[in-house]
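An overview of the molecular structure
Here is how the chains run, residue by residue.
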Amino acid sequence: KNSPAERAGVKVGDLIIKINGQSTVDMSVDAAVKLIRGDKGTVVKILFIPAGATKPVERSITRDTIEIPTLETSTKPGGIFVIRLYSFTATSANLFRNALREFVLSGNIKLILDLRGNPGGYLEAAWDMASWFLPSGTTIVTEDFGKNEKPRVYRSKGYNLFNKDFEMIILVDAGSASASEILAGALQENGVARLVGTKTFGKGSVQQLIPITSETSLKVTVARWLTPKGHNLSHEGLEPDVVVEVTEKDVAAKKDAAMDKAVELLSN
């Protein structure tokens with residue numbers, strides 16, 4: 001949010017096809033990053049196809065220092081409270097607790113948790129957040145090490161503040177990954193929230209870095225994350241209860257179709 005890319009209209013799911021006139025076909029992510037990054041105040045030209053569109057557009061983006069926010073709150077008509085979570089950092093759990101306090105004091109009973117474009121982060125933060133909605137002992141996620149080691153089950157800490165009148169929708173998309181999928185999967189499969197948007201990224205592996213030499217190391221997958229019902233997040237991600245695809249018409253009208261659908265569902 002408030003980044004040079006957002007100000008230029010670039011969104012999650014857009015396809016970057018040229019950087020300063022250079023084609024990105026067969027280009028590695030690292031190579032693309034090196035071309036896109038640069039000194040503050042300089043300009044990089046990006047040719048991209050917006051998600052849901054068919055024609056490319058070019059934007060001149062002025063490079064800047066990027067300050068990534070963690071959490072924001074807002075309200076929608078009809079007594080709907082919105083929490084937008086951008087990442088799962090070391091401070092996210094406390095910020096989320098404060099946002100929930102704000103939600104309770106607002107008198108609203110309908111909540112939208114926006115996890116779109118959230119790449120994840122600290123497992124402990126997702127574990128703590130899920131505990132606000134689930135009874136003590138309820139499975140949130142399982143760390144499966146295979147046949148040779150006993151799985152580790154992360155269960156709700158039992159904060160569980162919300163009653164049966166509470167309604168919740170979680171917004172997800174292809175940029176929702178890792179801890180986002182753990183939180184969304186736990187609340188979806190335990191019947192707390194419906195997911196609205198598009199299928200999530202599918203990042204459910206646990207990796208360990210093993211030093212090989214002073215200059216090299218090997219990253220090995222040692223476990224996988226499973227949802228409460230045993231779904232392997234790395235296989236297919238999470239399927240929304242209500243799929244809302246971004247269309248070319250939405251892009252042109254600058255319409256947030258997924259948010260609009262969530263508000264409609266909660267209003268009804």
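Bear in mind that the values here come from a model prediction, so they are computed numbers and not experimental data.

Attention now moves to the nonpolar core. Formed by 41 residues in total, the largest nonpolar core has its most connected members in Phe133, Met168, Ile170 and Leu187. Residue assignment for this core shows that the elements contributing at least two residues are strand S6 (80–85), helix H3 (92–106), strand S7 (110–114), helix H4 (123–130), strand S8 (139–144), strand S10 (167–172), helix H5 (179–189) and strand S13 (217–226). Sorting elements by how many residues they give to this core places H5 first, with six residues. Not counting residues within four places of it along the chain, the set of residues in contact with methionine 168 comprises Leu111, Leu113, Phe133, Leu187, Val192, Ala193, Arg194 and Leu266. In this structure, Ile169, Leu171, Ala257 and Ala258 belong to the second largest nonpolar core, which totals 14 residues.

Our focus in this paragraph is the pattern of salt bridges. In this structure the tally under the stated criterion is eight salt bridges. Note that aspartate 256 and arginine 116 form a salt bridge whose closest N and O atoms lie 2.7 Å from each other. Here aspartate 256 is found in the loop between helix H7 (248–253) and helix H8 (257–267), whereas its partner arginine 116 is found in the loop between S7 and H4, with 140 residues between them in sequence. Overall, the relative accessible area of 15% leaves arginine 116 in the buried class. Aspartate 128 is the salt-bridge partner of lysine 157, the closest N and O atoms lying 3.2 Å from each other. Here lysine 157 is found in the loop between strand S9 (152–155) and S10, whereas its partner aspartate 128 is found in helix H4, with 29 residues between them in sequence. When its relative accessible area of 38% is taken as the criterion, lysine 157 is described as partly exposed. If you follow the salt bridges from partner to partner, you end up with Arg84, Asp114, Arg116 and Asp256 in one network.

Here is what the cut-offs are and how they apply
Residues numbered from 1 in each chain as written. Predicted model: local features only at pLDDT ≥ 70, side-chain atom pairs only at ≥ 80, totals over all residues. Heavy atoms only, no water. Core = buried A, V, L, I, M, F, W, Y, C linked by side-chain atoms within 4.5 Å. Buried < 20%, exposed > 50% of the residue type's maximum accessible area, 1.4 Å probe, protein only. Helix = DSSP H or I, 4+ residues; strand = E, 2+ residues; numbered from the N terminus. Contact = heavy atoms within 4.5 Å. Salt bridge = Lys/Arg side-chain N within 4 Å of Asp/Glu carboxyl O.

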